[in-house]
Amino acid sequence: WKMSDKGVLTSEQVKQLGLTEDQVQKIADFRKAMGVPFEDVPDHIQDDITLFRFLSGKKWDAKVSGEQYQSMLKWYKEEDVANIWEWENKNKEVIETILSMYPCVRYGFDREGRPLQITRLGMIPAPMFAEKVKVEDYVKFHILYFEKLARLCREQSTKLGKPIYQVSVIIDATGASFSSRHFKPFFSATAAVDKQNYPEFLNSVDVVNAHWMVPMLYNIVKPLLDPRTKEKIRMHTSEYDKALCGHIDAKVLPVAFGGLNRDPLPVPTVEGLEQSPTDTLAFKNVPARRSVEYTRACDDPKGGKFLWVIKLDSYDVNLTVQWTEKGGTEKKEVAVKEKISEDKGSFEVDGEGELTLTFDNTYSYLTSKDVRFAVYFTPGSEDAADTAEAKST
């Protein structure tokens, strides 16, 4: 995948981006008005893809886009972003300190080939982070991380033969609390950088496990975000696996978020913090006076073995496990348990169908419950099933 003539879009790339003739002309006019090409900045921040991002981010308003683009060029030179890798080499200890408290990872790619970024924002020990990390160091780290993602986008463009210029993001709010407010100065500083210098870099932002406090925390930082970014943020309390699998393959999506990928997710490693034993489990919030279901299918005609693991950090719920054969309507009760805080069980099937777990909180009038769980399915032999069981413990 190559840009032609110093970064000018080819006709195939225009088609892939879905641009109209008018928009192509606006990019050409914008290129000329900005004085592109420049000799003192890298090609990848003056190519048509970058100009397209700035224009589309401001609804194709050339004047506003031009002011933002020129401001970005000034910032790029003043911050010496082209040599951010030198800062990385000289600040290994700073980066290690940040990563020990800031669990983030590039976790494969979404269905379109965009890099998938997962940040477990709720797990950040915000008071400790504010004590140990300088805002200016975190901003540098953030720029470094974004530049690495941008480079990965360019590599994906070459590999896939189409423009990849955005990333998809999952933010896990598990553990978010009022103490998370201590992270606001860091978020404010990086939000300002992103708003001014990385327009249209985000494809989507899915905030999962967003319990009742998360919208309140979001309202604190919402005014800092670009309007286009706000449009891309989706809050999910529970039942978010289908929404995520709409643009992320289940084989890529972590088990903790309803997918099939058992690769470990990052956790804080700084001394003095305890890692949760339920880290790899999925999450569902069960509101008061309601019940929530989770269904896992068996698509193997020969059947296999299901294994479930359930944990609540506090309180309890009623649990019902039912099996429905493919094509049938009758639900066979597999297990019924009252007011459990944890459970583990298994069920063997000899054909296709669905296993449904119902978390019942109808008996609680005021208190919602956070349930962590995993449901594994292993076709074939008991040895394979035993392997799945070992992974869950």
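Note that this is a predicted model, so its numbers are computed, not measured.

Asks: Could you clarify how one ought to interpret the overall build of the protein in this entry?
Replies: When you go through the protein residue by residue, the secondary structure sums to 13 helices and 13 strands. The 393 residues of the protein split such that 49% are buried. Across the protein, every contact between residues at least 6 apart in sequence was considered, and the portion connecting residues at least 24 apart equals 77%. A total accessible area of about 19800 Å² is found for the protein, and carbon and sulfur atoms account for 49% of it. Side-chain charges of the protein comprise 53 positive and 60 negative groups, with the mean position of each set lying 4 Å from the other.

Asks: I would appreciate a short explanation of helix H2 (residues 21-34) in the present structure.
Replies: Residues that lie three or four places apart on an α-helix share one face, since the helix turns once every 3.6 residues. The first and last C-alpha atoms of H2 sit 20 Å apart over 14 residues, in line with the 20 Å expected at 1.5 Å per residue. Of all the residues in H2, the buried ones are Ile27, Phe30, Arg31 and Met34. Down the axis, H2 shows its buried residues gathered within 100 degrees of arc, on one side only. In H2, the exposed positions angled more than 90 degrees off the buried face are occupied by Glu21, Lys32 and Ala33. Residues of H2 that are buried make contact with helix H3 (48-57) and helix H4 (62-78).

Asks: Quick question: what am I supposed to make of the packing of aromatic side chains here?
Replies: The way to describe two aromatic rings as a pair is by their centre distance and the angle between their planes. For the structure shown, the criterion picks out 25 aromatic pairs. Geometrically, the ring pair formed by Phe52 and Tyr165 is edge-to-face, given 5.5 Å between the ring centres and 85 degrees between the ring planes. Of this pair, Phe52 sits in helix H3 while Tyr165 sits in the loop between helix H8 (135-160) and strand E3 (167-172), placing them 113 residues apart in sequence. Overall, the relative accessible area of 8% leaves Phe52 in the buried class. Sitting above the plane of the Tyr145 ring, Arg106 keeps its charged end 5.4 Å from the centroid. Geometry around Trp85 places Arg151 over its ring, the cationic atom sitting 4.5 Å from the centre.

Conventions we followed
- Residues numbered from 1 in each chain as written.
- Predicted model: local features only at pLDDT ≥ 70, side-chain atom pairs only at ≥ 80, totals over all residues.
- Heavy atoms only, no water.
- Helix = DSSP H or I, 4+ residues; strand = E, 2+ residues; numbered from the N terminus.
- Buried < 20%, exposed > 50% of the residue type's maximum accessible area, 1.4 Å probe, protein only.
- Contact = heavy atoms within 4.5 Å.
- Areas by Shrake-Rupley, 256 points an atom, 1.4 Å probe, with all protein chains shown as cover.
- Lys, Arg positive; Asp, Glu negative; His and termini not counted.
- Charge placed at Lys NZ, Arg CZ, Asp CG, Glu CD.
- Expected span 1.5 Å × (residues − 1).
- Arc of directions from axis to C-beta.
- Phe/Tyr/Trp six-rings, centres within 6.5 Å; stacked < 30°, edge-to-face > 60°.
- Lys NZ or Arg CZ within 6 Å of the ring centre and 35° of its normal.

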